[in-house]
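Here are the chains, one letter per residue:
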Amino acid sequence: MPTTEITWLTQGGATLPSVRFRVEALRHVAAEYFSGVRVTRLPKSLFQRVAFYASLSSMDICVIQKRLLSGMELSILRKKSKLLVYDFDDAVWTEQEAPMPPESGQHRKEFCRACKSVDLVVAGNAYLAAAVPDGVPRVIMPSPIDTGIYCPAGNEATSTVPVIGWMGTGSYLPQAMQVFGEIAALGCPMHVVSNREPEPGTATPVTFTRWSPDNELALLQGFDVGLMPLEDTIYTRGKGGFKLLQYMACGVVPVASAVGMNREIITDGVDGFLVEPGKPWLPVVERLKDPALRARMGLAARQTAVERFDLRKVASGLFTQILEHYRSKL
């Protein structure tokens with residue numbers, strides 16, 4: 001029986017995507033590798049955080065999940081932890097609306113400080129890992145997908161009129177609506193699932209459903225084709241492509257912008273399609289009106305999710321590496 005404990009410090013609750021899929025999803029697998037598994041949400045206010053650090057006991061392994069902390073906080077955690085880890089799955093050193101030239105501002109300094117203060121950095125993809133300062137040990141862990149939960153509904157793709165869907169947060173809705181406007185001429189049902197409705201008066205005929213954890217899986221399973229348009233920026237190059245993995249695990253054929261991690265996940269023409277920035281989406285999506293092609297690519301998409309990104313496989317690899325680093329410090 002393992003005798004090492006692991007503690008995650010998170011920046012939000014269990015429904016926050018980075019916490020939901022990079023912490024909460026790993027807890028059950030972690031129990032096979034560690035004698036104790038704890039998840040603690042960092043308090044927001046300064047007063048509460050002072051009290052939190054004062055009450056914090058020593059830890060075997062502490063994983064800071066994504067949040068950029070002050071130098072003092074990192075110093076406290078450094079002293080309290082035998083192995084200190086920083087895990088992130090976004091370009092946290094920049095803003096979502098940032099231009100392409102690299103930044104050297106406050107967020108970048110905070111990010112570099114976080115990386116240099118820990119024993120190991122866990123990055124969501126190769127682009128993020130490359131941003132870690134030289135000399136800092138790092139591993140890559142894509143946000144894994146539980147392919148036992150996210151699975152096809154069992155419906156055969158026989159219709160020549162596929163359901164085309166997009167699921168995502170409201171900040172990416174304008175890009176999605178732009179693509180829906182372009183492909184509306186196909187006459188296919190188009191579904192938007194988000195925390196925000198499309199702008200009133202839009203001429204593009206989409207069906208909107210408000211996202212919730214309870215309806216997410218059934219809605220994904222109702223798609224035949226899943227869209228993921230992205231602009232090409234520093235921030236989007238750091239995105240983990242998790243929405244693609246949700247589509248693919250459910251047997252939904254993904255069509256995505258050829259940006260960042262999307263290129264690493266999709267093999268173009270095999271388990272999905274990639275659209276180069278500035279190129280039209282209509283001819284690509286139109287190909288998927290062919291039910292045979294759609295069925296074949298849906299099976300391939302599911303296979304990719306299972307073989308490369310399944311929760312148990314990815315988590316086991318990560319925990320093995322973390323324990324190796326931990327033992328090397330004893």
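Use the structure listed above.
Conventions used here
- Residues numbered from 1 in each chain as written.
- Predicted model: local features only at pLDDT ≥ 70, side-chain atom pairs only at ≥ 80, totals over all residues.
- Heavy atoms only, no water.
- 1 Å grid on protein atoms, 1.4 Å probe; cavity = no way out; pocket = protein on both sides within 12 Å on 5 of 7 lines; lining within 4 Å.
- Points joined across faces, edges and corners; volume = space filled by probe spheres on them.
- Helix = DSSP H or I, 4+ residues; strand = E, 2+ residues; numbered from the N terminus.
- Nonpolar A, V, L, I, M, F, W, Y, C, P; charged D, E, K, R; others polar.
- Salt bridge = Lys/Arg side-chain N within 4 Å of Asp/Glu carboxyl O.
- Buried < 20%, exposed > 50% of the residue type's maximum accessible area, 1.4 Å probe, protein only.
- Arc of directions from axis to C-beta.
- Contact = heavy atoms within 4.5 Å.

By volume, the largest pocket amounts to about 1,100 Å³. Lining the largest pocket are 43 residues, and of these Pro17, Asp90, Thr169, Tyr235 and Lys239 lie nearest its centre. The dominant element in the lining of the largest pocket, judged by the number of residues it contributes, is helix α1 (residues 17–22), at 5 residues. Split by residue class, the lining of the largest pocket holds 17 nonpolar, 15 polar and 11 charged.

Glancing now at the pattern of salt bridges. Per the stated rule, a full pass over the model turns up 14 salt bridges. Residues Glu32 and Arg312 are paired through a salt bridge, measuring 2.9 Å at the closest nitrogen-oxygen approach. Of the two residues, Glu32 sits in the loop between α2 (27–30) and β2 (36–41) while Arg312 sits in helix α14 (residues 311–329), which places them 280 residues apart along the sequence. On the basis of relative accessibility, which here comes to 45%, the residue Glu32 falls in the partly exposed class. Among the residues examined, Arg312 registers a relative accessible area of 41% and is labelled partly exposed. In this structure, the salt-bridge partner of Asp89 is Lys66, at a minimum N-O distance of 3.4 Å.

What follows concerns helix α3 (residues 46–55). Residues of α3 that are buried: Arg49, Phe52 and Tyr53. Projected down its long axis, α3 carries its buried residues within an arc of 90°, all on one side. Exposed residues lying more than 90 degrees from the buried face of α3 are Phe47, Val50, Ala54 and Ser55. Contact partners of the buried residues in α3: β1 (5–10), β2 and α4 (71–80).

Along the chain, Leu74 turns up in helix α4. Residue Leu74 is classed as buried on the basis of its relative accessible area of 3%. Residues contacting Leu74, with those up to four places away along its chain left out, are Ile64, Leu69, Leu84, Arg113, Ala114 and Ser117.

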